[in-house]
Amino acid sequence: YTLNGTVTADQDQRQVLDKMAQSMAGTIVGTTWGITAGKYVAPVMALSQSDIVGSLSYTAGTPEADLFNGVKGQYIGAANNYVATDFAPYQNAAYVSADGAELWTDMDFLFTDEKQRIHNLARIYTEDQRNAFTLQADFSYKAWSLTIGQRVPFTSAFMGQSSKIYRVMAKSYSI
């Protein structure tokens, strides 16, 4: 993964980090000031409903108002003399058909300078928001060693899931 671009001291640090992570389909790990790339890494441990020692909540996908089936925006690269320029929009035809309309979102890839990488990133973001089933639970100490960005298969008869892969997006501790 690469990120290309420049920053200045007057730019908002959080926005710069978000754009850097976006350039590699990654995430920001705020607790340790790290950036993880979006590269697939095999799951590290299996969790099940029996590992939950407290509350469980889930969101069954992206709210309809936030769905999109295409990405438009700008990029900066050598091909356009490092001037912000529109890239060729990406759209998933199957999602357009299912949604009954074109639903666009704008994303600027200011640290991505190759059109093919932008196309791949737009596809990744379109797919990810369609698979945005989230789970939040209080797990036993078995999950203590997990870090943000790692993947785990989760099995729950209650939720009808067998080894569904989740990515750890946040972590907190309580007594």
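Up top you'll find the structure we're talking about.
Scoring rules and cut-offs
- Residues numbered from 1 in each chain as written.
- Predicted model: local features only at pLDDT ≥ 70, side-chain atom pairs only at ≥ 80, totals over all residues.
- Heavy atoms only, no water.
- Phe/Tyr/Trp six-rings, centres within 6.5 Å; stacked < 30°, edge-to-face > 60°.
- Helix = DSSP H or I, 4+ residues; strand = E, 2+ residues; numbered from the N terminus.
- Lys NZ or Arg CZ within 6 Å of the ring centre and 35° of its normal.
- Pairing = 2+ DSSP bridges.
- Core = buried A, V, L, I, M, F, W, Y, C linked by side-chain atoms within 4.5 Å.
- Buried < 20%, exposed > 50% of the residue type's maximum accessible area, 1.4 Å probe, protein only.
- Contact = heavy atoms within 4.5 Å.
- Patch = residues over 30% accessible without salt bridge, like charges linked within 9 Å, V, L, I, M, F, W, Y side chains within 5 Å.
- Areas by Shrake-Rupley, 256 points an atom, 1.4 Å probe, with all protein chains shown as cover.
- Salt bridge = Lys/Arg side-chain N within 4 Å of Asp/Glu carboxyl O.

Q: Summarise the packing of aromatic side chains; cite the residues concerned and give the values.
A: Overall, the coordinates contain eight aromatic pairs when judged by the stated rule. Taken together, a centroid distance of 6.2 Å and an interplanar angle of 55 degrees make the contact between Phe133 and Tyr166 tilted. Of the two residues, Phe133 is situated in strand S10 (residues 133-139) and Tyr166 in strand S12 (residues 161-167); the sequence distance between them amounts to 33 residues. Through pairs of rings, three or more aromatic residues link up here, namely Tyr58, Phe133, Phe139, Phe154 and Tyr166. Over the ring of Tyr95 we find Arg130; its NZ or CZ atom is 4.3 Å from the centre of that ring. Residue placement shows Lys164 over the ring face of Tyr166; its charged tip is 5.5 Å from the ring centre.

Q: Help me get a handle on the pairing of S12, residues and values and all.
A: Inspection of the sheet shows strand S11 (residues 151-156) paired to S12 by five bridges, in the antiparallel sense. Within the sheet, the bridge partner assigned to Phe154 lies in S12 and is Lys164. Here S11 folds back onto S12, and the loop between the two strands holds four residues, one of which, Gly160, carries a positive phi near 70 degrees.

Q: Explain the nonpolar core residue by residue, including any values.
A: In terms of nonpolar packing, the biggest core is built from 13 residues, with Met45, Leu47, Leu146, Val152, Phe154 and Tyr166 touching the most fellow members. Residues within four places of Tyr166 in sequence aside, it is in contact with Phe133, Thr134, Leu135, Gln150, Arg151, Val152, Phe154, Met159 and Gln161. Formed by 12 residues, the second largest nonpolar core is a distinct cluster that contains Ala25, Tyr90, Phe109 and Tyr125.

Q: Outline a nonpolar patch on the surface, supporting the account with residue identities and numerical values.
A: Residues Tyr141, Trp144 and Tyr173 make up a contiguous nonpolar surface patch of about 460 Å² in total accessible area. Tracing the backbone shows Tyr141 in the loop between S10 and S11.

Q: Go over the side chain of Ser23, please, and point to the residues and values.
A: Examined against the element boundaries, Ser23 turns out to sit in the loop between helix H1 (13-22) and strand S1 (27-29). In contact with Ser23, not counting residues within four places along its chain, are Thr2, Leu3, Phe111, Thr112, Arg117 and Leu121.

Q: Give a detailed account of the sheet that holds strand S3 (residues 47-48), specifying residues and quantitative values.
A: Here three strands make up an open sheet; going across it, the order is S3-S11-S12 and the pairing mixed. Looking at which strands have only one partner, the edges of the open sheet turn out to be S3 and S12.

Q: Give a detailed account of the sheet that holds strand S5 (residues 70-72), specifying residues and quantitative values.
A: In space, the three strands of this open sheet follow the order S8-S5-S9, with mixed pairing throughout. Every other strand in the sheet has two partners, leaving strand S8 (90-91) and strand S9 (104-106) as the edge strands with one partner each. As paired strands, S5 and S9 are joined by three bridges and run parallel to one another. Among the inter-strand pairings, Val71 is bridged to a residue of S9, identified as Thr105.

Q: Outline the pattern of salt bridges, supporting the account with residue identities and numerical values.
A: A side chain of one charge can pair with a side chain of the opposite charge if their charged atoms are brought near each other. In the structure shown here, the tally under the stated rule is four salt bridges. For Asp51, the salt bridge identified is with Lys142, shortest N-O distance 3.4 Å. Residue Asp51 is located in the loop between S3 and strand S4 (52-60), and its partner Lys142 is located in the loop between S10 and S11; the two are separated by 91 residues in the primary sequence. Judged by relative accessible area, which is 10%, Asp51 ranks as buried. On the accessibility criterion, Lys142 (42% relative accessible area) is partly exposed. Note that Asp99 is salt-bridged to Arg130, the shortest N-O span being 2.4 Å.

Any functional reading would require information beyond the geometric quantities listed.
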